[in-house]
Amino acid sequence: QEYTGVKMEVVEWSAAAQKQLEGKVDGRKVFLVAATLRPETMYGQTNCFVGTAIKYGVFAANDKEAYVVTLRSARNMAFQGIFDVRGQVNQLAELDGTQIVGAKIKAPFSVYPEVYVLPMENVLPTKGTGVVTSVPSDSPDDYATLMDLRKKAEFYKIDPKWAALDPIPVLSTPSYGEMSAPVLVKKLKINSQKDVKQLAEAKELAYKEGFYNGTMLVGEFKGEAVQEAKGKVRASMIEQGIAFPYAEPEGLVISRSA
Ligand code: ZZB
């Protein structure tokens, strides 16, 4: 899989994370790195998700920057030449997912310049970076989770203001209008993030319709087909230094757990 690693700079940590990181990052800027297959949707980011049972590391990319991702992902990055010393992983600190929740981070290209980190039950530790940027207009998983969090803020141990940014239209499709995720969530009678089977189906439908029939509603490539815009948005983010190509060796996850 060829992902785009999106760099979301931390603006403000929770007190717990702050304490954990004290004296460890040596003046580096710290970024959460989200792995996405849909760079063209970055305009609609409203938050970011981490898994509360997942362990993350803070890894030095170079003297100036550090990335928050899983160790597994950091190893992949090291071998892809994303860190300054190829093949070498330099872990500066460790963070629990729960300590990252509530952090305020920059969301590059989003209409919302700053967003919060929230918990999601279905973040897989074995995929991408373990950090998922949330686009509830076009990702059914993100939409269902955001609605869960709004309904049960206390249960999920979040401050309601962290989940307050509304989904915004990013692209339009003939089948699902300007926001495919809420439409599909309703259509497939999805009640929460726990409805994983229907969510997988909704994701497939949203992917296909968005990619083949979508038209951009916002941003530099407004009016263009998603198929055209996808690569252009990605290239633009990479050019500006806010994203980088991140590949996931396919099949590796399976062979490891076998
Ligand atoms: C933003 C986004 C916007 C995404 C969208 C999807 C959609 P796939 O196809 O199964 O590989 N993701 C990334 N890492 C993880 C993880 N560790 N656990 C759970 N989800 C993860 O899925 C790739 C997509 O799943 C990525 O692209 C990311 O969410 C999420 F409008 O980034 B995406 C219809 C989907 N729409």
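Analysis parameters
Residues numbered from 1 in each chain as written. Predicted model: local features only at pLDDT ≥ 70, side-chain atom pairs only at ≥ 80, totals over all residues. Axes fitted to C-alpha atoms, helices over the stretch in contact; angles between N-to-C directions. Helix = DSSP H or I, 4+ residues; strand = E, 2+ residues; numbered from the N terminus. Parallel < 35°, antiparallel > 145°, perpendicular 65-115°, else oblique. Contact = placed C-beta atoms within 7 Å. Nonpolar A, V, L, I, M, F, W, Y, C, P; charged D, E, K, R; others polar. Core = buried A, V, L, I, M, F, W, Y, C linked by C-beta atoms within 7 Å. Buried ≥ 20, exposed ≤ 12 C-beta atoms within 10 Å, placed from the backbone. Near = placed C-beta within 6 Å. Left-handed = near helix turned anticlockwise from the far one by under 90°. Expected span 1.5 Å × (residues − 1).

A.B. asks: What should I look at first to understand the packing of helix α4 (residues 140–151) against helix α5 (residues 180–187) in this one?
C.D. replies: Geometrically, a packed helix pair is captured by the angle between its two axes and the distance between the axes. Running from N to C, α4 and α5 point in directions that differ by 75°, and their axes come no closer than 8 Å. The pairing of α4 with α5 is recorded here as roughly perpendicular in orientation. Of the residues in α5, those touching α4 at P140, D142, Y143 and A144 are A181, P182, L184 and V185. For the contact of α4 with α5, a count of residues per class yields seven nonpolar, no polar and one charged.

A.B. asks: Please explain the nonpolar core as it appears in this structure.
C.D. replies: Where a protein is soluble and globular, its nonpolar side chains tend to be buried together. Counting 73 residues, the largest nonpolar core has L32, C48, V68 and V117 as its most contacted members. Examining the composition of this core, we find that six residues originate from one element, strand β2 (residues 29–36), more than from any other. Residues in contact with V117, not counting those within four places in the same chain, are L32, C48, V50, I100, V101, G102, A103 and I105.

A.B. asks: Before we go on, may I ask you to explain α5 in this structure?
C.D. replies: Because the α-helix completes a turn every 3.6 residues, residues three or four places apart line up on one side. For α5, the buried fraction is high: six of the eight residues fall into the buried class. Those residues of α5 not exposed but buried are S180, A181, P182, V183, L184 and V185. Those residues of α5 hidden inside the fold are in contact with α4 and α6 (196–213). Note on α5: the residue one or two positions beyond its end, K189, has a positive phi of about 55°.

A.B. asks: How should I be thinking about the site of the ligand in this particular structure?
C.D. replies: By nearness alone, 20 residues border the ligand, and T36, G128, D138, S139 and A206 come closest of all. When contributions to the shell around the ligand are tallied by element, the ones reaching two or more residues are β2, β9 (131–134) and α6. Ranked by residue count, the leading element in the shell around the ligand is α6, at three residues. Along the lines of polarity and charge, the residues of the shell around the ligand split into eight nonpolar, eight polar and four charged.

A.B. asks: What exactly am I supposed to notice about the packing of α5 against α6 here?
C.D. replies: Axis separation between α5 and α6 bottoms out at 10 Å; the angle between their running directions is 140°. The pairing of α5 with α6 is recorded here as oblique in orientation. Handedness of the crossing formed by α5 with α6: right-handed. For the pair α5 and α6, the contacting residues are S180, A181, L184 and V185 in the first and A202, L205, A206, E209 and G210 in the second.

A.B. asks: Just to check I follow, could you spell out unusual backbone geometry for this structure?
C.D. replies: Comment: phi is negative for the bulk of residues other than glycine, and the bulk of peptide bonds are trans. You will see that K157, though not glycine, has its phi angle at about 55°, which is positive. Tracing the chain through its elements places K157 in the loop between α4 and β10 (171–172). K157 gets classed as exposed once you count the C-beta atoms within 10 Å, which come to 12. We note that K189 has phi near 55°; this positive angle belongs to a residue other than glycine. Relative to the assigned elements, K189 resides in the loop between α5 and α6.

A.B. asks: Sorry, what's going on with α4 here?
C.D. replies: Look at α4: 17 Å from first C-alpha to last across 12 residues, which is about the 16 Å you get at 1.5 Å a residue. Counting buried positions along α4 yields nine of 12 residues, so the element is predominantly enclosed. Each element contacted by the buried residues of α4 is listed here: β3 (47–50), β8 (114–119), β9, α5 and α6.

A.B. asks: For this particular structure, what's the right way to read the environment of R28?
C.D. replies: With respect to the helices, strands and loops of the structure, R28 is situated in the loop between α1 (15–21) and β2. With 213 residues separating them along the chain, R28 and G241 place their C-alpha atoms 16 Å apart. When residues no more than four places from it in sequence are discounted, the contact partners of R28 are A60, K64, E65 and A66.

A.B. asks: What is the right way to look at the environment of P140 in this model?
C.D. replies: Relative to the assigned elements, P140 resides in helix α4. Spatially, the C-alpha atom of P140 lies 6.2 Å from that of V185, the residues being 45 residues apart in sequence. Once you skip the residues sitting within four places of it in the chain, P140 turns out to touch A181, L184, V185, I190, L199, A202, K203 and A206.

A.B. asks: Looking at this structure, how should I read the environment of G241?
C.D. replies: For G241, the location among the structural elements is in the loop between α7 (226–239) and β12 (243–247). Judged by the 10 C-beta atoms lying within 10 Å of it, G241 falls in the exposed class. A sequence separation of 234 residues divides G241 from K7, and the C-alpha atoms of the two residues are 8.5 Å apart.

Any link to function would need more than the numbers given here.
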